[in-house]
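# A closer look at the structure
Spelled out, the chains give:
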Amino acid sequence: MMRYLRRANARRESPVSTVAEGSGLAVSARLADRDFDVEFDMADGEVLAVLGPNGAGKSTLLEVVAGLVRPDAGRVRLATRVLTDTAKDIAVPPHRRGVALLAQEAMLFPHLTVAQNVAFGPRSGGLSARAARAVALEWLTAVDAVELAARKPGELSGGQAQRVALARALAVDPQLLLLDEPMAALDVAVAPAMRALLRRVLCAPGDGARRGAMLVTHDIIDALTLADRLLVIESGRVVESGPVATVLARPRSAFAARIAGVNLIVGTAGAGSAEREGVVLAEDVAVYGRAEDAWPPDGRAAAVFSPTAVSVHRAAPEGSARNTFGVQIAELTDRGGIIRVQATNRPDGSAGLVADVTPAAAAELDLAPGRSVYFAVKAAEVQVYPC
């Protein structure tokens, strides 16, 4: 059935400008009124997780790719098709882009049954009512919702509605699936099932090839379980991108460090006193750590270490710790049997360092907000790298 739908799609589309060769997605877009200026590529069949703080421009990015917002300047290419090119006045309408958008809310047609909702796209694309219904039932089966076919949206739970919305998005056989925080409106108990469903349908559509998807999310679990690469956006700019494991192990932005759960200090590279040692010189500190790569002095560099590697002291420590930071406690939080000690923001305005200690240690040290303490971490526990 999928091959018939692809043929129907091909028949109804008028020619658009193409490039000689290409695969995946290439985006370059600027919107002055939103202070948005983003450029990136995405490989064919790749699942790209887009993360960033609220207001960073993540939804704007999806709207540009989907054709809902036209940039002041830019170009969007999907495989060999140019979907947007402001220089050539190309703007393919949303319904002809081969792109499907799944939002936080299911937004199903309330007057149609579940089966009719899912069949709507294929029917609008030129399939007969019978063929469109067959496509709808195929995708309802794929998302474990075939038993809901005769129900109206008002009779569905949040999780059921989102599964139906996913089937509706996939029923038009999109070349690229855009997911705007699809688990955000779901109950905590329902989200894992939806995540597992997305993993199944993204990795194995009907012909066995991977379907490309762009996933906007605030949940690092979504990125870990679904994505091949991360794209981090802050203030309308791409601040870092790369394989999921690489970005989380070697973050270069405060947001990426926060979701990775590590301390990050960015500064200038200084020469270490031993082999495989590097120093990151920040505004107020020098941080010593182990350098796994070539260590060019004077370039931009980062130091990363886990909160669990940090020891907390009431007085300046003596002994083997190479790195000591005098801090003031901003707050204490319970993290499931571990006390997270959050320091006030650093002089440059970046997030304060954090340390994880046991409740017994917190009590013995008499830790409290406003108290001045020392954080210490051994150089062997710090990873330094050019950034």
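This section reports on the structure supplied with the text.

Regarding its fold elements, the chain presents 10 helices and 21 strands. Once the C-alpha set of the chain is aligned to its principal axes, its extents read approximately 80 × 45 × 40 Å. Within the span of the chain, comprising 387 residues, buried residues form 49% of the whole. Long-range pairs, those at least 24 residues apart, make up 66% of the contacts in the chain between residues at least 6 apart in sequence. Across the chain, the 42 positively charged side chains and the 43 negatively charged ones have centroids separated by 9 Å.

So, on to the pattern of salt bridges. Inspection of the entire model under this criterion finds 14 salt bridges. Notably, a salt bridge pairs Arg 229 with Glu 46, separated by 3.0 Å at the nearest N-O pair. Of the two residues, Arg 229 sits in strand S10 (residues 229-234) while Glu 46 sits in the loop between strand S2 (36-42) and strand S3 (47-51), which places them 183 residues apart along the sequence. One exposure class covers both Arg 229 and Glu 46, and it is buried. Where salt bridges share partners, they join Arg 195, Asp 219 and Asp 222 into one cluster.

The next thing to look at is the environment of Arg 70. Among the structural elements, Arg 70 can be located in the loop between helix H2 (58-66) and strand S4 (73-78). For Arg 70, a relative accessible area of 43% gives the class partly exposed. Separated by 304 residues in sequence, Arg 70 and Tyr 374 have C-alpha atoms that sit 51 Å apart. Sequence-distant contacts of Arg 70, defined by excluding residues within four places in its chain, comprise Leu 31, Thr 86, Asp 89, Ile 90 and Ala 91. Here Asp 89 takes part through its side chain, which lies 2.8 Å from a polar atom of the side chain of Arg 70.

What follows deals with the sheet that holds S10. Ordered in space as S7-S8-S9-S3-S10-S11, the six strands form an open sheet in which the pairing is mixed. With partners counted over all chains shown, the strands left at the sheet margins are strand S7 (99-102) and strand S11 (237-243), one partner each. Averaged over all adjacent pairs, the angle separating strand axes in this sheet is 15°, with direction ignored. Bridge count between S3 and S10: four bridges; the pairing is parallel. Directly across from Val 50, in S10, lies its bridge partner Leu 231. Across the sheet, H2 lies against S3, S7, strand S8 (176-180), strand S9 (212-216) and S10, angled at about 150° from S8, the strand it touches most.

Each value, and the rule that gives it
Numbers given to residues run from 1 along each chain, matching the order in which its sequence is written. Restriction of local features to residues with pLDDT of at least 70 applies here, the model being predicted, together with a cutoff of 80 or more for giving and counting side-chain atom pairs; totals for whole chains, interfaces and linings are based on all residues. Only hydrogens and water are removed before side-chain values are computed, so all heavy atoms of the structure are retained for them. Helix and strand assignments follow DSSP, with helices taken as H or I runs no shorter than four residues and strands as E runs no shorter than two, numbered in order from the N terminus. Each residue is assigned to one of three classes by its accessible area relative to the maximum for its type, calculated with a 1.4 Å probe on protein chains only: buried under 20%, partly exposed between the two thresholds, exposed over 50%. Two residues qualify as a contact provided that any one of their heavy atoms is within 4.5 Å of a heavy atom in the partner residue. Only four residue types enter the charge count: Lys and Arg as positive, Asp and Glu as negative, with His and the chain ends excluded. We put the charge of a Lys on NZ, of an Arg on CZ, of an Asp on CG and of a Glu on CD. We define a salt bridge as a side-chain nitrogen of Lys or Arg found within 4 Å of a carboxyl oxygen belonging to Asp or Glu. N or O atoms within 3.5 Å of each other form a polar contact, as long as, within protein, one can give a hydrogen and the other can take it, and as long as residues adjacent in sequence are counted only when both atoms are side-chain atoms. For two strands to pair, DSSP has to find at least two bridges joining them. For helices, the fitted axis covers only the stretch in contact; all axes are lines through C-alpha atoms, and the angles between them, taken along N-to-C directions, range from 0 to 180 degrees.

Honestly, that's just the spatial picture; any functional story needs more than this.
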